[in-house]
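Here is how the chains run, residue by residue.
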Amino acid sequence: MQRRVFLRRTGAVALGTGIAGCSESGPSESTPNGTDTPTATRPPTETAAATATTTTTTPPEPTPTPGARSLEPYPSWLVAPTPVTPYTYEFTHLSLSAVRADATESFAESLNTYWRQRTESYFGFEVPVASLDAALTVNHSSVANESYRIAGGAFDRAALRGRLDDGGFAADGWVDDIQRFTRTEDGQLRVVGLHPDVIVSVGTDASATTPLERAVEQHASGDVRAEADEGLGLLIDHFGTADYVTGRELEPAAEDYALSKAVATGRRLDVRGPTTWTERTYVLPPDATIDRAAVEEEIELRHVGQPIEEFRRDGRFLTVAGEVENSLIRLV
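Conventions adopted
- Residues numbered from 1 in each chain as written.
- Predicted model: local features only at pLDDT ≥ 70, side-chain atom pairs only at ≥ 80, totals over all residues.
- Heavy atoms only, no water.
- Buried < 20%, exposed > 50% of the residue type's maximum accessible area, 1.4 Å probe, protein only.
- Helix = DSSP H or I, 4+ residues; strand = E, 2+ residues; numbered from the N terminus.
- Pairing = 2+ DSSP bridges.
- Phe/Tyr/Trp six-rings, centres within 6.5 Å; stacked < 30°, edge-to-face > 60°.
- Lys NZ or Arg CZ within 6 Å of the ring centre and 35° of its normal.
- Axes fitted to C-alpha atoms, helices over the stretch in contact; angles between N-to-C directions.
- Contact = heavy atoms within 4.5 Å.
- Core = buried A, V, L, I, M, F, W, Y, C linked by side-chain atoms within 4.5 Å.
- Salt bridge = Lys/Arg side-chain N within 4 Å of Asp/Glu carboxyl O.

Trainee: Just checking my understanding: could you explain the pairing of strand E7 (residues 198-205) for this structure?
Mentor: Side-chain direction in a regular strand flips from residue to residue, so the side chains alternate between the two faces of the sheet. With respect to burial, E7 is a largely interior element, 7 of its 8 residues being buried. With 6 bridges connecting them, strand E3 (residues 147-153) and E7 associate as antiparallel partners. Paired with Ile 150 across the bridge in E7 is Val 200. Judged from the 7 bridges that link them, strand E6 (residues 188-194) and E7 form a sheet pairing that is antiparallel. Pairing of Gly 193 across the sheet is with Val 200, part of E7. Where E6 folds back on E7, the antiparallel hairpin that results is connected by 3 residues.

Here it is, written out as structure tokens:
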């Protein structure tokens, strides 16, 4: 009986010294009479629980700064969220605020009505037209269902959350100061970036991983198409600010015809009350020669309805222009 008690006691001493760091043989200095005094020691699991604390903190959301991501000037958003198909890049920029100021009241209201009916299909969810000042559309890929569109204006992010929920979008973090929302349907991904200045909407294949990140990164770094394509960049600078501007890269033509050497083309429209001044411009090589009669015939064939009241050659730019009734134009 005494031996069993002794063994239990020495076992307790061994466990105690393994934790406390005392000698495993002989009596403790603190117990000169050789009688062991057990020390209350927490089991290892209790000790770990008492000393280790796990703190889960959610990082604060970014605070977007109004004005930092503005669509004006629009060339800063001429980027490519997915790979560009060669000779495919084209854009359309519409300043709704400028048209509202320049057009007749009835024409301005018809434009507002058009956008009220189409914002959902255009951006992926319903956008209040009263907040919409501009719209930028970019076609950069020949892949089916690829799209890249931006709404510019002054947007209430909190108010738009409900509309995004109704559209089937789920919040999916942030890209810098732009809140990301995603929706996947039938193998297609729609990503919406929400900021007080802009709504960035990208449609692409569900396998795409970072389309919004690519767009925001290129916008921030200035890696825009106007810098990558000389002809398009020249055209944008030439047009400047207008109510409506389009631009398109041109593929070198295999055959020889009037304007076959052009590297870019586009339109500039300025609303003037009940009419609109419309210009069609081509960017030519520096040494290109032209035949006016052949050019006019080509434009009449390719751009039905384009007036040719003016015919101008200014360096690399060839422009035809004229005035039309507003009922004959489409600002979409």
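Trainee: Mind showing me how you'd approach the packing of aromatic side chains here?
Mentor: Each aromatic ring pair is characterised by the separation of its centres together with the angle its planes make. Within the structure shown, the criterion is met by 6 aromatic pairs. With a centroid separation of 5.5 Å and 35° between ring planes, the pair formed by Tyr 74 and Phe 91 is classed as tilted. Taken as a pair, Tyr 74 in the loop between helix H2 (44-51) and strand E1 (90-95) and Phe 91 in strand E1 lie far apart in primary sequence, 17 residues in all. Grouping residues by exposure puts Tyr 74 and Phe 91 together as buried. Put simply, the rings of Tyr 114, Trp 115, Tyr 122 and Phe 123 touch in pairs and so form one group of aromatic residues. One residue, Arg 149, lies across the ring of Tyr 122, its end atom 4.4 Å from the ring centre.

Trainee: Any chance you could explain the sheet that holds strand E10 (residues 275-283) here in plain terms?
Mentor: Sheets are built from strands that pair by backbone hydrogen bonding, the pairs being arranged parallel or antiparallel. Taken in spatial order, the 12 strands line up as E4-E5-E6-E7-E3-E2-E1-E8-E9-E10-E12-E11 in an open sheet, and their pairing is antiparallel. Pairing within the sheet leaves two strands with one partner each, and these edge strands are strand E4 (170-175) and strand E11 (310-314). Neighbouring strand axes in the sheet, compared pairwise and without regard to direction, differ in orientation by 15° on average. Strand contacts of helix H4 (residues 105-123): E1, strand E2 (132-139), E3, E6 and E7, with the helix running at about 135° to E3, the strand carrying the most contacts. Lying over the sheet, helix H9 (residues 292-302) contacts E10, E11 and strand E12 (317-325), oriented at roughly 120° with respect to E11.

Trainee: In this structure, what is going on with the nonpolar core? I would like to understand it.
Mentor: Most often, soluble globular proteins have nonpolar side chains that are buried together. By size, the foremost hydrophobic cluster in this structure holds 33 residues, and its most contacted members are Trp 77, Phe 91 and Leu 136. With 4 residues, the top contributor of residues to this core is helix H8 (residues 230-239). Each residue touching Phe 91, except ones within four places of it in the same chain, is listed here: Tyr 74, Leu 78, Leu 136, Thr 137, Val 138, Leu 232, Ile 236, Val 245, Thr 246 and Gly 247. Among the nonpolar cores identified, the runner-up in size contains 29 residues, and Tyr 122, Ile 199, Tyr 244 and Val 271 belong to it.

Trainee: Before we go on, may I ask you to explain the pattern of salt bridges in this structure?
Mentor: When the charged atoms of two side chains lie near each other, side chains of opposite charge can form a pair. According to the stated counting rule, one finds 15 salt bridges in the structure shown. Here Glu 185 ties to Arg 183 by a salt bridge, and the two come within 4.0 Å at their closest N and O atoms. Overall, the relative accessible area of 45% leaves Glu 185 in the partly exposed class. Look at Arg 183 and you get buried, because its relative accessible area is 17%. One salt-bridge network, in which partners are shared between bridges, spans Arg 69, Asp 176 and Asp 177.

Trainee: Help me understand the environment of Asp 197 in this model?
Mentor: Among the structural elements, Asp 197 can be located in the loop between E6 and E7. Given the relative accessible area of 8%, Asp 197 is considered buried. C-alpha of Asp 197 to C-alpha of Gly 153: the two residues are 44 residues apart in sequence and 5.5 Å apart in space. Apart from residues no more than four positions distant in its own chain, Asp 197 is found in contact with Thr 65, Pro 66, Gly 67, Ala 68, Arg 69, Ser 70, Ala 151, Gly 152, Gly 153 and Phe 155.

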